[in-house]
Amino acid sequence: MPTERYVSIDDCRICGSSSVSEFLDLGMVPAVNNFQDAPDASIEKYPLKVVFCEECNHVQLENTVQREALFQHYTYFSSASDPLLNHFGQYAAEVEQDFLTAGDLVVELGCNDGVLLSQFSDEIQTLGVEPAENVAKTARERHGLDIITELFDADVAMEARERHGEAQALVANNVVGHIDDLHELMHGVDALLDDDGVFVMEVPYLIDLINNAEFDTIYHEHISYFAVRPLSRLLQQHGFTLFNIERLSIHGGSIRAYIQRQDGSRQQRQIVSNLRTLERALGLDELATFERFASDVSRYRSQLRELLKDIEGDASVVGYGAPAKGNVLLNYCDIDANTLDYIVDTTPAKQGTYTPGTDIPVRPPSDFHDDSPEYALLLAWNYKDEILEKEREYRKQDGQFILPQPYVDLV
Ligand code: TMP
Ligand code: ZN
């Protein structure tokens, strides 16, 4: 095993404590966004283990896999999903209305293909920071956005500041969980944010992950699984504080955290302390809670495998949606091309490829409509409502969706 491709942590990424305990082992899993041009049985795999910090209660991966190994073929384009496009349109409008005036600068960390930045009005200056070359290129070409093609850190923050001045808003959607060095992130935020600026971040919320058993959202790119208490601790260490939080249904349940400097002008909203209380009540400060979660996950694996075994041979089964998390589920549950004939996905860059580790062909949705297979395993379960609505005809004609979340079901 090429151990140099990943490192294991000894200490918590937030508080530095060495009291970190492993509670979940999802086995050896490849980089789940690396859809392959051809089946590849010898694809590299890395341990996928999750630990809990007894000191600050931060939940995080035990291993950090090198970025180069994770992003060889980056195929995640935010604007590929209509629901996300709408989400970001509304989001841009809200940030602009609440925190920005004409001429202000908004910088987005991990701006992907520009789906959020492009939806700010012309009065607002925008700058994106995005390490994946191909999506950054799309952001430039499609929307004419100014993008720094780097991973955000203190140096990039200084470069951005020299180019455009201080930012009145920093936005980070579904990227903070990807950052190994959270302290470097905060140094960057500190360097770039205006004195009374706002840092808005969206991250999947640990309460939702646990309550809905969303174990497949755990993969190497997602290093941290945030709850409010450990997040507050990180912010506090760097002179920042949370003043508001919204809970959102996106990505299986997320929080949008609004952050300012400790001497910032905005009043802290009640929800911040309410969520801290809720997290303690739900046992997110105890290892035992996470150990229970791990045994649910293992039971879940058996149930899904059992169902698929019963169906196999008698009927055709395909996958619906090829999100990265689908590849966690397929790898962990050992589901490959013997079980799923193919997977359909709307993202053109994924069509014609094979799923990493399980070698299932990815095809356009038209194949699904032509074939009408008896069963479709809904791997993109976070879009369940939209997809069930879109595929009414399929279900009317006796097609059935296998829902993997929050528990195995047929609809
Ligand atoms: P995401 O959960 O990471 O946004 O990924 C969802 C994947 O599912 C993405 O590859 C697009 C795909 N998808 C479909 O194939 N059909 C759909 O109707 C929707 C909403 C998404
Ligand atoms: Zn800690």
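The following refers to the structure shown.

Residues in close proximity to ligand 1 total 15 residues, the closest being Lys325, Asp345, Lys350, Tyr383 and Lys390. Tyr383 is positioned such that a nitrogen or oxygen atom in its side chain is 2.8 Å from an oxygen atom of ligand 1. Burial of ligand 1 by the surrounding chains reaches 94%, relative to a free accessible area of 490 Å². Taken together, the residues that form the shell around ligand 1 break down as 6 nonpolar, 5 polar and 4 charged.

Burial analysis of helix α10 (residues 324-332) places 9 of its 9 residues in the buried class, the great majority of the element. Close packing links the buried residues of α10 with β2 (20-29), β3 (46-53), α9 (287-311), β15 (343-344) and β17 (375-378).

Let's shift gears to the nonpolar core. Of all hydrophobic cores here, the largest spans 92 residues; its most connected members are Val176, Phe199, Ile218, Phe293 and Leu329. The leading source of residues in this core is α9, at 9 residues.

This paragraph deals with the sheet that holds strand β12 (residues 240-248). Reading across from one edge, β8-β7-β6-β9-β10-β13-β12 is the order of the 7 strands in this open sheet, with mixed pairing throughout. Taken across any chain shown, the strands that pair with only one partner, and hence form the sheet edges, are β8 (147-148) and β12. In this sheet, strand β10 (residues 193-204) lies alongside strand β9 (residues 167-173) in parallel orientation, the contact comprising 6 bridges. When the sheet's bridge partners are listed, Ala169 is paired in β10 with Val198. Together, β6 (105-109), β9, β10, β12 and β13 (254-261) form the strand contacts of helix α5 (residues 182-192), whose direction differs from that of β10 by roughly 145°.

A few words now on the coordination of the zinc ion (ligand 2). Taken together, Cys12 (SG), Cys15 (SG), Cys53 (SG) and Cys56 (SG) make up the full set of protein donors to the zinc ion (ligand 2), lying 2.3 Å away. Angles of 102 to 116° at the metal separate the 4 donor atoms of the zinc ion (ligand 2), which places the site in the tetrahedral class. In primary-sequence terms, the residues that donate to the zinc ion (ligand 2) follow C-x2-C-x37-C-x2-C. Cys12 gets classed as buried once you look at its relative accessible area, which sits at 5%.

Here we take up the environment of Leu329. For Leu329, the position within the fold is in helix α10. The class for Leu329 is buried, based on a relative accessible area of 0%. Remark: the alpha-carbon pair of Leu329 and Leu48, spanning 281 residues in sequence, is separated by 12 Å. Residues within four places of Leu329 in sequence aside, it is in contact with Phe215, Asp216, Tyr300, Leu304, Ile335, Leu377, Leu379, Pro404 and Gln405.

What follows is about unusual backbone geometry. Residue Gln405 is joined to Pro406 through a cis peptide bond whose omega torsion reads -5°. One non-glycine residue, Ala213, adopts positive backbone phi at about 50°. With respect to the element layout, Ala213 can be found in the loop between α6 (206-211) and β11 (224-225). Although it is not a glycine, Asp398 sits at a positive phi angle of roughly 75°. As for its position among the elements, Asp398 is in the loop between α13 (392-396) and β18 (400-403).

This next bit is on the sheet that holds β15. If you walk across this open sheet you meet the 6 strands as β16-β15-β14-β17-β18-β19, and the pairing is mixed. Each having just a single partner strand, β16 (362-363) and β19 (409-410) make up the two edges of the open sheet. Where strand β14 (residues 317-320) meets β15, 2 bridges bridge the pair, whose relative direction is parallel. The residue bridging Tyr320 from the neighbouring strand is Val344, located in β15. Sheet strands touched by α9: β14, β17 and β18. Its angle to β18, the strand with the most contacts, is close to 155°.

It is worth spelling out the environment of Ala227 at this point. Along the chain, Ala227 turns up in the loop between β11 and α7 (228-237). Residues Ala227 and Gly188 lie 39 residues apart in sequence; the distance between their C-alpha atoms is 22 Å.

An ideal rise of 1.5 Å per residue puts 16 Å on 12 residues; helix α8 (residues 270-281) measures up with 17 Å between its terminal C-alpha atoms. Taken residue by residue, α8 has Val272, Leu275 and Glu279 as its buried positions. An end-on view of α8 places all buried positions within 65° of arc, on one side of the element. In α8, the exposed positions angled more than 90 degrees off the buried face are occupied by Gln270 and Ala281.

Thresholds applied
Residues numbered from 1 in each chain as written. Chains lettered and ligands numbered in written order. Predicted model: local features only at pLDDT ≥ 70, side-chain atom pairs only at ≥ 80, totals over all residues. Heavy atoms only, no water. Near = heavy atom within 4 Å. Polar contact = N/O pair within 3.5 Å; in protein donor to acceptor, adjacent residues only side chain to side chain. Areas by Shrake-Rupley, 256 points an atom, 1.4 Å probe, with all protein chains shown as cover. Nonpolar A, V, L, I, M, F, W, Y, C, P; charged D, E, K, R; others polar. Buried < 20%, exposed > 50% of the residue type's maximum accessible area, 1.4 Å probe, protein only. Helix = DSSP H or I, 4+ residues; strand = E, 2+ residues; numbered from the N terminus. Contact = heavy atoms within 4.5 Å. Core = buried A, V, L, I, M, F, W, Y, C linked by side-chain atoms within 4.5 Å. Pairing = 2+ DSSP bridges. Axes fitted to C-alpha atoms, helices over the stretch in contact; angles between N-to-C directions. Donors = N, O, S within 2.8 Å, 3.2 Å for Na, K, Ca; no water. Tetrahedral: all angles 85-135°; square planar, octahedral: opposite > 155°, others 65-115°. Expected span 1.5 Å × (residues − 1). Arc of directions from axis to C-beta.

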